[in-house]
Amino acid sequence: MTALSSAKAASTMKAYGQENEQRRRWILERGLPLNEVSTVMYLAWKSESVGSGSLAKISAAYKMVNNEVSIPGAQCVAELINSKKRAEATTRKQPVCINEPVIVKIMSTLEDAKSEIDVLLVHLSYSALLRASEASNLQWKDVRVKNGLLEVFVAEAKNDQLGKGRTTFVQCKAGSDLDLLLKRWKVRCSLKNPDFIFHNLHNQKPLSPSSISSIVKAKFDAIGVQGSHHALRRGRANDLQAEGFSLDEIQRTGRWRSPAGMSTYLRDNPRAQGIRVEEMESEEEEEGPPSLTREAPVPL
C-alpha cells in the first residue's frame, strides 16, 4: 500500500481518496455491503449525473485499494464507461482553442495594477503552456530572460516523476508585450518582494489553481470569448503546430508525458499531414467560377 501511494502524484492520491470516501458513504447509507457488487451499483447510479472520465476515476480509485476485481465486475465497469462515452459522443463539442489574436485582444483590457497581473497571467500561461497548478506554483526565481528568451522553470511538472523540474523557453524580445508585462509587474512587486508571481495582493500567498482558472475565465468573458485556462494550453499547442514545430518539439515545450496525451490537444493541420509551407503559399485560391479561354488552333 505504501508503494502504491508513493508511486502516484499527491494530487492523484488526494482525488482517489475523495472518490473512495464518497463511494463508501453512499454504500453504507443504503445499508449495502462494502463489496464489488455495491461498487458497480454505485457506478451505475453515478453514471446518471457524471461523465465517463469521472466513472473511470471512481473505478481506478476502487482498484487502488482492492487487490483484485473479478472478470464479470471488470466487464460491467467497462460497459458502463463505454456506454457513457457513446452517449457523450452525440453531444460533444469541439474543445475551445485560444489563439494569438485573442491574446492581443486581452492586452487591450489593461487598466490598472489588478488588470496587469491578470493579463500577464493569461499571456504567460499561453506562451509557456502552463497548467493552472503550474501557474499557481510559479515563483520569481523560476523565470529569467536571457538573450531574448524567457526561461520558465516548472518545478513540479505533471510529467516530471523524478522531481527534477522542466524548463520551457519562450521568445521574449526586449520591448515585447510579455517582456514589458513581466518588468512592470516585477517593479510593482519590489516593495513587498513576494516569492510567487501570481499572488494574493493582500497577503502575498500564491493564488490557488481554482483562482487562476476563475481569473482567466473572467478575462475571456470580458471580451466575449468562451474558454477556460486550459484552452490557453490547447490553443498554444495548435499555434505551434501551425508554425511548423514538430510533434516532439511541441511535446517538450508543453511538458507532456507522452505523445498520446498531447495528441488529444491537437487539431488536424496541413503541416502535420506533410504539406509544406511553400506548397500552401504557392497555390492561391481564385474567387468565383473558373473562366474558360479559347485556345489557339494547333497548326497541322
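Residues numbered from 1 in each chain as written. Predicted model: local features only at pLDDT ≥ 70, side-chain atom pairs only at ≥ 80, totals over all residues. Heavy atoms only, no water.

Under the annotation held in an unreviewed UniProt entry, the protein carries the name Tyr recombinase domain-containing protein and is attributed to Caenorhabditis nigoni.

(A) Fine view of helix 5 (residues 71-89). Between the first and last C-alpha of helix 5 there are 27 Å, a value that for 19 residues agrees with the 27 Å anticipated at 1.5 Å per step. Where the residues of helix 5 are buried, they touch helix 3 (36-46) and helix 4 (52-65). Here helix 5 starts with a cap whose side-chain oxygen sits 3.1 Å from the backbone nitrogen of Gly 73, and that cap is Ser 70. (Helix = DSSP H or I, 4+ residues; strand = E, 2+ residues; numbered from the N terminus. Expected span 1.5 Å × (residues − 1). Contact = heavy atoms within 4.5 Å. Polar contact = N/O pair within 3.5 Å; in protein donor to acceptor, adjacent residues only side chain to side chain.)

(B) Main features of the pairing of strand 1 (residues 143-146). One ladder, built from four bridges, connects strand 1 with strand 2 (residues 149-154); its direction is antiparallel. By the bridge assignment for strand 2, Arg 144 is matched with Glu 151. With antiparallel pairing between neighbouring strands as the criterion, strand 1 and strand 2 make up a hairpin whose turn holds two residues, including Asn 147 at a positive phi of roughly 55°. (Pairing = 2+ DSSP bridges.)

(C) Representation of the environment of Ala 132 within the structure. Examined against the element boundaries, Ala 132 turns out to sit in helix 8 (residues 132-137). You can call Ala 132 buried: its relative accessible area is 15%. Remark: the alpha-carbon pair of Ala 132 and His 229, spanning 97 residues in sequence, is separated by 6.8 Å. If near-sequence neighbours (up to four positions away) are discounted, Ala 132 is found in contact with Pro 209, Ile 212, Ser 213 and His 229. (Buried < 20%, exposed > 50% of the residue type's maximum accessible area, 1.4 Å probe, protein only.)

(D) Here's a closer look at the confidence of the model for the protein. When pLDDT is averaged along the protein, the result is 85; 85% of the residues meet or exceed 70. At the level of individual helices and strands, the protein shows its lowest average pLDDT in helix 14 (residues 277-282), which scores 52, and its highest in strand 2, which scores 94. (pLDDT = per-residue confidence, 0-100.)

(E) Representation of the packing of aromatic side chains. Tallied over the entire structure, the rule returns four aromatic pairs. Ring geometry for Trp 256 versus Tyr 265: centroids 5.0 Å apart, planes at 65°, classification edge-to-face. The class of Tyr 265 is buried, set by a relative accessible area of 13%. Aromatic rings pair up to connect Trp 26, Tyr 42 and Trp 45 into one cluster. Looking at Arg 30, its charged tip hangs above the ring of Trp 45, at a distance of 5.4 Å from the centre. Looking at Arg 234, its charged tip hangs above the ring of Tyr 265, at a distance of 4.8 Å from the centre. (Phe/Tyr/Trp six-rings, centres within 6.5 Å; stacked < 30°, edge-to-face > 60°. Lys NZ or Arg CZ within 6 Å of the ring centre and 35° of its normal.)

(F) Fine view of the pairing of strand 2. Judged from the six bridges that link them, strand 2 and strand 3 (residues 166-171) form a sheet pairing that is antiparallel. Bridging from a neighbouring strand, Phe 153 pairs with Thr 167 of strand 3.

(G) A look at the nonpolar core. Among the nonpolar cores identified, the biggest contains 40 residues, and Leu 120, Leu 124, Leu 150, Val 152 and Phe 198 are the most heavily contacted of them. The set of elements that each furnish at least two residues to this core consists of helix 6 (100-107), helix 7 (113-127), helix 8, strand 2, helix 9 (177-189), helix 10 (209-222) and helix 11 (229-242). The biggest single contributor to this core is helix 7, with seven residues. With near-sequence residues (within four places) excluded, Leu 124 lies in contact with Leu 129, Leu 130, Leu 138, Leu 150, Val 152, Leu 178 and Phe 198. Core analysis: the next-biggest nonpolar cluster, separate from the first, contains ten residues, Trp 26, Tyr 42, Val 50 and Ile 81 among them. (Core = buried A, V, L, I, M, F, W, Y, C linked by side-chain atoms within 4.5 Å.)

(H) Looking closely at the pattern of salt bridges. Applying the stated criterion to the full structure yields twelve salt bridges. Between Arg 25 and Glu 21 there is a salt bridge; the shortest N-O distance is 3.9 Å. Of this pair, Arg 25 and Glu 21 both sit in helix 2 (residues 10-29), separated by four residues, roughly a single helical turn. Residue Arg 25 is classed as partly exposed on the basis of its relative accessible area of 42%. What makes Glu 21 partly exposed here is its relative accessible area of 37%. The structure contains a network of salt bridges with shared partners spanning Glu 116, Arg 184 and Arg 188. (Salt bridge = Lys/Arg side-chain N within 4 Å of Asp/Glu carboxyl O.)

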